[in-house]
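Geometric and topological summary
What follows is each chain in one-letter form.
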Amino acid sequence: MSIAPITEADRQFYRDQGYFIIRQVIPAGLLRDLRREAAKAHDIAVRLHGPRVQRLAPLKAHAGELDLQPFRDFDQIEGLVAAIQTLLTPEHTLKPTEDACLLFHPRERPWSTEWHRDWRDHVLEAEFQAEIGDARWQEIATDFRLWNQVNCPLYEDTSTWYVPRSFKRVNNTPEEMRVYASTTQQELWDEDKRRTDEELELFCLRYCQAMPGAVQLVLNPGDFCIYRNVGWHLGNYVPYRRRATLNTHCFTPAYAQFAKDYEHMLKAVPAGIERHARLARGL
Ligand SMILES: O=C(O)CCC(=O)C(=O)O
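Summary of the structure given here.

About the cut-offs
- Residues numbered from 1 in each chain as written.
- Predicted model: local features only at pLDDT ≥ 70, side-chain atom pairs only at ≥ 80, totals over all residues.
- Helix = DSSP H or I, 4+ residues; strand = E, 2+ residues; numbered from the N terminus.
- Contact = placed C-beta atoms within 7 Å.
- Expected span 1.5 Å × (residues − 1).
- Buried ≥ 20, exposed ≤ 12 C-beta atoms within 10 Å, placed from the backbone.
- Arc of directions from axis to C-beta.

Structurally, the position occupied by leucine 102 is in strand β4 (residues 101–104). For the pair leucine 102 and lysine 168, spaced 66 residues apart in sequence, the C-alpha to C-alpha distance is 28 Å. Ignoring anything within four residues of it in the chain, the contact list for leucine 102 reads Ala38, Ala41, Arg55, Leu56, Leu59, Ala244, Thr245, Leu246 and Asn247.

What follows is the structure, encoded as structure tokens:
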């Protein structure tokens, strides 16, 4: 099995839309081994954080119970790094998968994350304006050395929704903000069971569909979807749709430097989306 060559049209698509799917990168034998370890990882995550846990990270923290070899083999898939470098830049590498995480379906009850744009939505506005500001953010958000998140599912996965091109905009549209503000993470999580499971499922789905221009990503086993995570996105989950999806990153030294330089700003936010995401992970 070989990975289809990346074309100039593919590069343009990613730069314009903010997402691209490299189809079927995982060979069958490796897919079998990853699925086996992912099933164990899900059991560990549920044991540690409960039946609605979203993720287990980093995988290597569970080396005692997981066989990490399939995740290391994933890093070495023939032609994968070359495809990433053609799509992005020659300085990109794949973050070691044992440092990354797996995303799971809930074993009980549907739920959804809020619509969010990573990083930008996780810092305080006043600090953001003082330290970065809109003009610099425009450069940062469209710097292709940064913000290349990956979802690579082991089973068909339609959980992720994305708003193409939104990563390029510093300011959200009023309609986007109206949808964002139409609910809260508490309501989408519904811990106190105000809705039946079906009501909650449809409520979350309506919230996904309400976002102008949003597309539901349809990923098949082994599809490697790269998306600019500073664009609007969310994850919407139901217990009947089995999910084990590698969630990782195409990495550069510039990204490591950015994370180091601005780490203090992320820590400044005690509430908001990031806190809810941690709650969902049981952390
Ligand atoms: O589940 C997904 O695909 C997206 C998850 C996400 O965006 C988050 O947890 O912040």
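Anyway, onward from the coordinates.
On to unusual backbone geometry, then. Proline 58 follows alanine 57 through a cis peptide bond whose omega is -15°. Looking at the secondary structure, you find proline 58 in the loop between β2 (55–56) and α3 (69–75). The phi dihedral of glutamine 24 is positive, around 50°, even though this residue is not glycine. On the secondary structure map, glutamine 24 appears in the loop between β1 (19–22) and α2 (28–49). Residues other than glycine seldom take positive phi values, yet tryptophan 119 does so here, at roughly 70°. Among the secondary structure elements, tryptophan 119 is positioned in the loop between β5 (111–112) and α5 (125–131).

Between its terminal C-alpha atoms α2 stretches 31 Å, which fits the 32 Å expected from 22 residues at 1.5 Å a residue. Those residues of α2 that sit buried are Leu34, Glu37, Ala38, Ala41, His42 and Ala45. All buried residues of α2 project into a common sector of 165° when viewed along the axis, lining one side. With respect to the buried face of α2, the exposed residues turned more than 90 degrees away are Gly29, Arg32, Asp43 and Arg47. Residues of α2 that are buried sit in contact with β2, α3, β4 and β11 (244–251). Glycine 50, located one to two residues past α2, shows a positive phi value of around 95°.

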